[in-house]
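Chains, contacts and geometry: an overview
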Amino acid sequence: MTVDTWLTVALADAERRGLPELKPLLESLAATMRTLRAAGFTGSAANADGVISSARTESE
Amino acid sequence: MTIDEFGGSLRAHELTALDVAEACLERIEAENGRLNAFILVMADEARRQAGEADRALAAGRDRGPLHGVPVSIKDLFDVRGVATTAASRVREHHVAKTDAVAIAQLRRAGAVIVGKTNLHEFAFGTTNEDSAYGPARNPYDAARSPGGSSGGSAISVATGMALATLGSDTGGSIRIPAAACGIVGLKPTYGEVSLEGAVPLSTTLDHAGPLAQCVGDAWHMLQALRGDEQLYPLAAAELRGRRLAVPRPYFCDLLDDEVRAQFEAALDLLRRAGVQVEDSTIPHAALTSPIYLQIVFGDAAAYHAEALERAPQLYTTPVRLRLELARYALAEDYVRALAGRETLTREVDAVLADRDALVLPTLPIPAPPLGATSVDVGASKESVRNVMLRLTQLFDLTGHPAISLPCGVTRAGLPCGLQLVGRGRQTEALLRLALAFEELLTAATERGQIG
């Protein structure tokens, strides 16, 4: 699930459950998810070799 | 009075265990209304245990350094016959049938339990203000947080309500309140002290360990908690020739000016003592918080989901919201975080491969005011929660042993803390170094070189 899709679904669910106070917390969590995913700590089938490689540094 | 001072006087028949237990109970009676350190005071039980300790010693049965020592227990650990509330109404009707393993070890070592201490509800916070039993307060300024989540435990030792205490640390919950209250806090190596019989926050990251008045006391507590058979006093390491690494990027980017000044003064002391202090880098340190969050959220959500469905109103609102947030975390991000944790562990190991320890501040700010959600750090405004966890949570991820030592006070009289992080599974070596550094810091404080 992409982070954008996750956020849309989570915000709607929180609203449905009567927890609108979660909105800023969910948006903040989405930001950390993007950061974590961008680091590339795990292998990805989308990579040419599809194997786990060393994590990229932030500057890359 | 330290544990060794107590033991010396006890065995010289200058006082009894009951005398000291009574003194702690009197201090609790006098100060607990103001500081709210205890959820449960076990006065009758403490007197009974202390009397037994005195009779055992008179009969020649000496259990070692913790014999007759009054200790407090974070109310996250089962003590048989009383509730383990975790500072939450969710657990108000709970009664522990047996002792947690760590409690059984303390009893075996002769410790006297004076009561159970306040904490941030379910240990899910750093300020100790979200508790079903009301906020705990900093003994140096009651309008400020004592740090958390083991805030009541830290207060109890800082004010003489107990000589030592048992806490837990998932993102810094032993070291943060130790720094905020001016005492020593030890997070041992991951798994070194049993958590069986403790309410979890994150079984992947939780650590149990002591808060104490000094490094030597923390060592006595650690030996008891591990169930060591051979008990011996800690010997200080030789400081000259040691190599310490200061991980400046990330860890020293965001520090209160007075905390920074005390930290740099401490580094100068080390250099003058012949220690090689070298700057270093942990390449992915800035990713600590995103990695940490996913793991804690996944673990906490699994534990709390059912209670959140059944009785969400029993949680304090801030903790309930954070737990509800945790339930939205995704499995794929948990796996990414576990992989990130491995990377961070390798990076810390690499820095420590040819150094004795990392040295860094414990808490980037002095104890924040109760009720504050943000705090100014230099030119920036930061979330209190994020900034309080910033320097400690990495080592819960990596499992390295870490200790916070008192390191001066601000102009307003608020304590600062300094953190030493040792090599994996080498807690005793870390404590030997910490003991030597403590002696240096104490002498410097007496000379006025540290505030």
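The structure we're discussing is the one just above.
A brief structural summary. (Residues numbered from 1 in each chain as written. Chains lettered and ligands numbered in written order. Predicted model: local features only at pLDDT ≥ 70, side-chain atom pairs only at ≥ 80, totals over all residues. Heavy atoms only, no water.)

**Some points on the overall build of chain A**
A count of helical and extended segments in chain A gives 2 helices and 0 strands. Across the 60 residues that make up chain A, the buried fraction comes to 30%. A fraction of 30% describes how many contacts in chain A between residues 6 or more apart in sequence connect residues 24 or more apart. (Helix = DSSP H or I, 4+ residues; strand = E, 2+ residues; numbered from the N terminus. Buried < 20%, exposed > 50% of the residue type's maximum accessible area, 1.4 Å probe, protein only. Contact = heavy atoms within 4.5 Å.)

**Digging into the packing of helix α2 (residues 22-39) of chain A against helix α12 (residues 331-352) of chain B**
Contact pair α2(A) / α12(B): the axes reach a minimum separation of 10 Å and the direction vectors enclose 55°. The orientation of α2(A) relative to α12(B) falls into the category oblique. Here the hand of the crossing between α2(A) and α12(B) comes out left-handed. Residues Met33(A), Leu36(A) and Arg37(A) of α2(A) pack against Glu332(B), Asp333(B), Arg336(B) and Ala337(B) of α12(B). (Axes fitted to C-alpha atoms, helices over the stretch in contact; angles between N-to-C directions. Parallel < 35°, antiparallel > 145°, perpendicular 65-115°, else oblique. Left-handed = near helix turned anticlockwise from the far one by under 90°.)

**Some thoughts on the nonpolar core**
Membership of the largest hydrophobic core comes to 165 residues, with the highest contact counts inside it found for Trp6(A), Leu358(B), Ile403(B) and Leu420(B). Excluding its chain neighbours within four sequence positions, the residues that come into contact with Leu358(B) are Ala245(B), Ile282(B), Val348(B), Val351(B), Leu352(B), Phe395(B), Gln419(B), Leu420(B) and Val421(B). (Core = buried A, V, L, I, M, F, W, Y, C linked by side-chain atoms within 4.5 Å.)

**Thoughts on helix α9 (residues 257-272) of chain B**
Residue and element names in this part refer to chain B. Relative to the 22 Å expected for 16 residues at 1.5 Å per residue, α9 spans 23 Å between its end C-alpha atoms, a close match to the ideal helical length. All of the buried residues along α9 are Val259, Gln262, Phe263, Ala266, Leu267, Leu269 and Leu270. Along the axis of α9, the buried positions cluster into a sector of 155°, meaning they face one direction only. Away from its buried face by more than 90 degrees, α9 exposes Asp257 and Arg272. At the N-terminal end of α9, a side-chain oxygen is found 2.9 Å from the backbone nitrogen of Glu258, two or three residues along, and the residue is Asp256. Positioned one or two residues after α9, Gly274 has a phi angle of 95°, which is positive. (Expected span 1.5 Å × (residues − 1). Arc of directions from axis to C-beta. Polar contact = N/O pair within 3.5 Å; in protein donor to acceptor, adjacent residues only side chain to side chain.)

**Examining the pattern of salt bridges**
All names here are of chain B. For the structure on display, the rule yields 37 salt bridges over all chains. Glu264 is paired through a salt bridge with Arg248; the nearest N and O atoms lie 2.7 Å apart. Of the two residues, Glu264 sits in helix α9 while Arg248 sits in helix α8 (residues 248-251), which places them 16 residues apart along the sequence. A relative accessible area of 25% means that Glu264 is categorised as partly exposed. Residue Glu332 is joined to Arg336 by a salt bridge in which the shortest nitrogen-to-oxygen separation is 2.9 Å. Here Glu332 and its partner Arg336 are both found in helix α12, 4 residues apart, which amounts to about one turn of the helix. Among the residues examined, Glu332 registers a relative accessible area of 31% and is labelled partly exposed. Arg336 sits in the buried class, given a relative accessible area of 18%. (Salt bridge = Lys/Arg side-chain N within 4 Å of Asp/Glu carboxyl O.)

**Quick word on the packing of aromatic side chains**
All names here are of chain B. Here the structure, examined in full by the defined rule, presents 5 aromatic pairs over all chains. Measuring from centroid to centroid gives 5.0 Å for Tyr250 and Phe251, while their planes differ by 85°, and the two rings are edge-to-face. Each member of the pair, Tyr250 as well as Phe251, carries the same accessibility label: buried. Centre to centre, the rings of Phe251 and Phe395 are 6.2 Å apart; their planes meet at 20°, and the pair counts as stacked. Remark: Phe395 occurs in helix α14 (residues 394-398) and Phe251 occurs in helix α8; sequence separation between them is 144 residues. Its relative accessible area of 0% is what places Phe251 among the buried residues. Among the aromatic residues, ring-to-ring pairing joins Tyr250, Phe251 and Phe395 into one connected group. Lying over the aromatic face of Phe124, Arg322 brings its terminal NZ or CZ to 5.0 Å of the ring centre. (Phe/Tyr/Trp six-rings, centres within 6.5 Å; stacked < 30°, edge-to-face > 60°. Lys NZ or Arg CZ within 6 Å of the ring centre and 35° of its normal.)

**Thoughts on unusual backbone geometry**
Across the chain, the bulk of peptide bonds are trans and the bulk of non-glycine residues have phi less than zero. Residue and element names in this part refer to chain B. With omega at 15°, the peptide bond leading from Gly148 into Ser149 counts as cis. Inspection of the secondary structure assignment puts Ser149 in the loop between β3 (112-117) and α5 (151-158). If you check the backbone angles, His13 has positive phi at about 60° while not being a glycine. On the secondary structure map, His13 appears in the loop between α1 (3-11) and α2 (17-35). Judged by relative accessible area, which is 71%, His13 ranks as exposed. With a phi close to 60°, Ala87 is a non-glycine residue in the positive phi region. Within the secondary structure, Ala87 sits in the loop between β2 (70-74) and α4 (101-108).

**Some points on the interface of chain A and chain B**
For interface size, the figure often reported is the accessible area lost on association. In this complex, chain A contributes 24 residues to the contact, which on the side of chain B involves 24 residues. Interface area for chain A against chain B, summed over the two sides, is near 2200 Å², with a carbon-plus-sulfur share of 71%. The interface formed by chain A and chain B contains 3 salt bridges. A salt bridge links Glu332(B) to Arg37(A), with the nearest nitrogen and oxygen atoms 3.5 Å apart. Of all the elements in the fold, those that place two or more residues in the side of chain A that touches chain B are α1 (3-16) and α2 of chain A. Top contributing element to the side of chain A that touches chain B by residue count: α2(A), with 10 residues. Per-class residue counts for the side of chain A that touches chain B are 14 nonpolar, 4 polar and 6 charged. (Buried area = accessible area lost by both parts, 1.4 Å probe. Nonpolar A, V, L, I, M, F, W, Y, C, P; charged D, E, K, R; others polar.)

**Thoughts on α1(A)**
An α-helical turn contains 3.6 residues, so any two residues separated by three or four positions project in the same direction. Residues and elements named next belong to chain A. Compared with the 20 Å implied by 1.5 Å per residue over 14 residues, the 20 Å span of α1 between its first and last C-alpha is a close match. By the burial criterion, the buried members of α1 are Val3, Trp6, Leu7, Ala10 and Ala14. Considered in projection along α1, the buried side chains sweep an arc of 95° and stay on one side of the axis. Exposed side chains of α1 directed beyond 90 degrees from the buried face belong to Thr8, Glu15 and Arg16. Buried residues belonging to α1 abut α2. Positioned one or two residues after α1, Gly18 has a phi angle of 75°, which is positive.

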